[in-house]
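Structure at a glance
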Amino acid sequence: MDSFIAAGAATIDIATLMALILSAVSAIAAIAAVIASLHVHYKDGLPSLVVYLYHNRDQGATELVLANVGKGVARNVQIRGLDESFVQASLLKSVNRSFAFRGVSCLAPGVELRTVVVAGTQGIKECEGKRCEVTVTYEEAGFVRKSHKGECPFSLGYEDLAHSVYVISDLHRIRQELEKERKAAEKMLAAEKRIAASLEHL
């Protein structure tokens, strides 16, 4: 009888132990799931920075664009490695004062900054074939509290924009027509001045 009671107690102890182990495993799994969910949410809310060249066809200029396409705020953003020779000489003084060389303290999600680095036919000839390897550095919020630094390398080259096929926009056509009208008006004014000058000598 005593041996039967002892066996029953041992069985109860094993069952209790197994239940405790299963409870502990379930609790650990639940905590891990919460941490994983928080980490996914954290990753989803991080900034994502890109820098690229954009050819503004209507303005006849090439722009350097820095954009935050992520969902978090990027702080102390810098473009490292951008060479001054990559910018048209006549624009360098202005570009030196922009984000391209000075950086920006804060870049919110969905915000982009632009600065013209090449303008007109002369600028295209001056910078043709040039390439520059840059790295965008920034600070982002940490998983718990402390922020940490991030960086993304990019390769910028004017030849990447060459030989593109595009449709001329209505704005560009209007500008072309206005330019034609301006030149025609200048010719008429010059002709009127010549006629006036010839009449004065009569």
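All of these numbers come straight from a predicted model, not from anything done at the bench.

**Digging into the sheet that holds strand β3 (residues 74-80)**
The 4 strands lie next to each other as β4-β3-β6-β7, forming an open sheet whose pairing is antiparallel. Strand pairing shows two members of the sheet lacking a second neighbour, β4 (104-107) and β7 (148-157), which therefore form its edges. With direction set aside, neighbouring strand axes in the sheet form an average angle of 30°. Sheet topology places β3 next to β4; 3 bridges connect them, and they run antiparallel. Paired with Val 77 across the bridge in β4 is Val 104.

**As for the pairing of β3**
Where β3 lies against strand β6 (residues 131-140), 4 bridges are found, and the strand directions are antiparallel. The partner of Gln 78 across the bridge, within β6, is Thr 137.

**Things to note about the packing of aromatic side chains**
Counted according to the given criterion, the structure contains 1 aromatic pair. Ring centres 4.5 Å apart and planes at 25° place the aromatic pair Phe 86 and Tyr 158 in the stacked group. Taken as a pair, Phe 86 in the loop between β3 and α2 (92-96) and Tyr 158 in the loop between β7 and α5 (170-200) lie far apart in primary sequence, 72 residues in all. Accessibility expressed as a relative area gives 10% for Tyr 158, which makes it buried. The side chain of Arg 114 reaches across the aromatic face of Tyr 54, ending 4.8 Å from its centre.

**Regarding the nonpolar core**
Across soluble globular proteins, you tend to see nonpolar side chains buried next to one another. If you look at the biggest cluster of nonpolar residues, it comprises 27 residues, and the most contacted ones within it are Leu 64, Leu 66, Val 77, Ile 79, Leu 82 and Val 117. Residues contacting Leu 66, with those up to four places away along its chain left out, are Val 50, Val 51, Val 77, Ile 79, Phe 99, Val 104, Leu 107, Val 111, Glu 112, Leu 113 and Val 136.

**Focus on a nonpolar patch on the surface**
A grouping of Ile 14, Leu 17, Met 18, Ile 21 and Val 25 is seen on the molecular surface, where their side chains present a nonpolar patch of about 480 Å² in accessible area. Position of Leu 17 among the secondary structure elements: in helix α1 (residues 2-44).

**What about the confidence of the model for the protein?**
Looking at the protein as a whole, the pLDDT averages 81, with 79% of positions reaching at least 70. In the model of the protein, α1 stands out as the element of lowest mean pLDDT, 64, in contrast to helix α3 (residues 99-102), which has the highest, 96.

**Section: the pairing of β6**
Judged from the 10 bridges that link them, β6 and β7 form a sheet pairing that is antiparallel. Bridge assignment links Tyr 138 to a residue of β7, and that residue is Gly 150.

**Some thoughts on the environment of Leu 46**
Mapping Leu 46 onto the fold places it in the loop between α1 and β1 (49-56). The buried category is assigned to Leu 46, whose relative accessible area is 13%. It is 7.2 Å that separates the C-alpha atoms of Leu 46 and Val 73, two residues lying 27 residues apart in sequence. Those residues in contact with Leu 46, other than ones at most four positions away along the chain, are Gly 70, Lys 71, Gly 72, Glu 140 and Ala 141.

**A short note on the side chain of Asn 68**
With respect to the helices, strands and loops of the structure, Asn 68 is situated in strand β2 (residues 61-68). At 3.0 Å, the side chain of Asn 68 forms a polar contact with the backbone nitrogen of Gly 70. Among all residues touching Asn 68, those that are not within four sequence positions of it are Pro 47, Ser 48, Leu 49, Val 73, Ala 74, Leu 107, Ala 108, Pro 109, Gly 110 and Val 111.

**Notes on the environment of Ala 162**
Looking at where Ala 162 falls in the secondary structure, it is placed in the loop between β7 and α5. C-alpha of Ala 162 to C-alpha of Glu 128: the two residues are 34 residues apart in sequence and 9.3 Å apart in space.

**Side note on the sheet that holds β2**
Strand order across the open sheet formed by 3 strands is β1-β2-β5, with antiparallel pairing between neighbours. Looking along the sheet, the strands with just one partner apiece sit at the ends: β1 and β5 (112-119). When the angles between neighbouring strand axes are averaged without regard to direction, this sheet yields 20°. The pairing of β2 with β5 spans 7 bridges and is classified as antiparallel. Counted as the bridge partner of Ala 67 is Glu 112 from β5.

Cut-offs applied
- Residues numbered from 1 in each chain as written.
- Predicted model: local features only at pLDDT ≥ 70, side-chain atom pairs only at ≥ 80, totals over all residues.
- Heavy atoms only, no water.
- Pairing = 2+ DSSP bridges.
- Helix = DSSP H or I, 4+ residues; strand = E, 2+ residues; numbered from the N terminus.
- Axes fitted to C-alpha atoms, helices over the stretch in contact; angles between N-to-C directions.
- Phe/Tyr/Trp six-rings, centres within 6.5 Å; stacked < 30°, edge-to-face > 60°.
- Buried < 20%, exposed > 50% of the residue type's maximum accessible area, 1.4 Å probe, protein only.
- Lys NZ or Arg CZ within 6 Å of the ring centre and 35° of its normal.
- Core = buried A, V, L, I, M, F, W, Y, C linked by side-chain atoms within 4.5 Å.
- Contact = heavy atoms within 4.5 Å.
- Patch = residues over 30% accessible without salt bridge, like charges linked within 9 Å, V, L, I, M, F, W, Y side chains within 5 Å.
- Areas by Shrake-Rupley, 256 points an atom, 1.4 Å probe, with all protein chains shown as cover.
- Salt bridge = Lys/Arg side-chain N within 4 Å of Asp/Glu carboxyl O.
- pLDDT = per-residue confidence, 0-100.
- Polar contact = N/O pair within 3.5 Å; in protein donor to acceptor, adjacent residues only side chain to side chain.

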